[in-house]
Amino acid sequence: HLILAVVFTVSSYATTLYVATTGSDSAAGTSSAPIATLGRALAIVKPGDTISLGTGTFSGAVNTSVAGTPTNRIIIQGAGIGSTIYTGGITVDTSYYTIRNITFRGQSVTFSAVDSCIMESCEAYRGFNNFKIEGKEAPSLLRILISLLR
């Protein structure tokens, strides 16, 4: 008798989703076919993924809907201070996010009752009118490294 064993493995790989001012929200989110908005990237992100915002100015109020995990954070990363500018409001209401290398102008970033979120190497200019940390546990679980200019 011949016994045939078929083994299926399911792997989960972290992905980088690319967002560019020249992108399209119907694109795949690759470096050669970037997405146009942070909102679209947040709709399809998975734990462990990185959302890479390119150079330019991005806008639009967005909310997170997918949480990262302690071992698979979700990263929203700009191309660098002054290179990636975000003018829309971002509400992080799910846990395990890192936001870095973005210049914020004119709108709010709100961390609402989340665990272990990090904001690092970001700039906020005049007009950055609402940086908020909400929820009873948020202040003790949130590390913020932010440079306030002017």
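Residues numbered from 1 in each chain as written. Predicted model: local features only at pLDDT ≥ 70, side-chain atom pairs only at ≥ 80, totals over all residues. Heavy atoms only, no water.

Engineer: Sorry if this is basic, but what is going on with the overall build of the protein chain here?
Structural biologist: Across its full length, the protein chain holds 2 helices and 13 strands. Buried positions account for 39% of the 150 residues belonging to the protein chain. Once local pairs closer than 6 in sequence are excluded, the contacts in the protein chain between residues at least 24 apart make up 47%. Only carbon and sulfur atoms are counted for the fraction: they give 51% of the accessible area of the protein chain, which is about 8100 Å². (Helix = DSSP H or I, 4+ residues; strand = E, 2+ residues; numbered from the N terminus. Buried < 20%, exposed > 50% of the residue type's maximum accessible area, 1.4 Å probe, protein only. Contact = heavy atoms within 4.5 Å. Areas by Shrake-Rupley, 256 points an atom, 1.4 Å probe, with all protein chains shown as cover.)

Engineer: Would you mind going over the pattern of salt bridges with me for this structure?
Structural biologist: If the charged atoms of two oppositely charged side chains come close together, the side chains can form a pair. Within the structure shown, the criterion is met by 2 salt bridges. Between D49 and K46 there is a salt bridge, and its shortest N-O distance comes to 3.6 Å. Judged by its relative accessible area of 1%, D49 falls in the buried class. A salt bridge links R100 to E120, with the shortest nitrogen-to-oxygen separation between them at 3.0 Å. Pair noted here: R100 is in strand β8 (residues 97-100) and E120 is in strand β11 (residues 118-124), with a separation of 20 residues, a long-range link. (Salt bridge = Lys/Arg side-chain N within 4 Å of Asp/Glu carboxyl O.)

Engineer: Before we go on, may I ask you to explain the side chain of T94 in this structure?
Structural biologist: Within the secondary structure, T94 sits in the loop between β7 (90-92) and β8. Of note is the side chain of T94, whose polar atom sits 2.8 Å from the side chain of T64. Separated by 3.2 Å, the side chain of T94 and the backbone oxygen of V66 make a polar contact. Here T94 is in contact with T64, S65, V66, A67, V114 and C117, once residues within four sequence places are set aside. (Polar contact = N/O pair within 3.5 Å; in protein donor to acceptor, adjacent residues only side chain to side chain.)

Engineer: Would you mind going over the nonpolar core with me for this structure?
Structural biologist: If you look at soluble globular proteins, the nonpolar side chains tend to sit buried side by side. Ranked by size, the top nonpolar core spans 26 residues in total, and within it L38, I51, I76, I99 and F104 carry the most contacts. Elements with a minimum of two residues in this core: β1 (16-19), α1 (38-44), β2 (50-53), β5 (74-77), β7, β8, β10 (109-112) and β11. Those residues within four positions of I51 in sequence are excluded, and the remaining contacts are L17, V19, L38, A41, L42, V45, I75, I76 and Q77. (Core = buried A, V, L, I, M, F, W, Y, C linked by side-chain atoms within 4.5 Å.)

Engineer: Hey, could you run me through the pairing of β2 in this one?
Structural biologist: Successive residues of a regular strand alternate their side chains across the two faces of the sheet. Residues T50 and S52 line one face of β2 and the alternating positions I51 and L53 line the opposite face, and both faces are buried. Regarding the hand of the β-α-β motif, the stretch spanning β1, α1 and β2 is right-handed. Sheet topology places β2 next to β5; 3 bridges connect them, and they run parallel. Bridge assignment links T50 to a residue of β5, and that residue is I75. (Right-handed = clockwise from strand over helix to strand, strands pointing away. Pairing = 2+ DSSP bridges.)

Engineer: Would you mind going over the side chain of R73 with me for this structure?
Structural biologist: Looking at where R73 falls in the secondary structure, it is placed in the loop between β4 (62-63) and β5. Buried and unpaired, R73 has E120 as its nearest opposite-charge partner, separated by 7.9 Å. A polar side-chain atom of R73 sits 2.6 Å from the main-chain carbonyl oxygen of S116. Excluding residues within four positions of it along the chain, R73 makes contact with G48, D49, Y96, Y97, T98, S116, C117 and I118. (Lys, Arg positive; Asp, Glu negative; His and termini not counted.)

In short, shape yes, function no, at least from these values alone.
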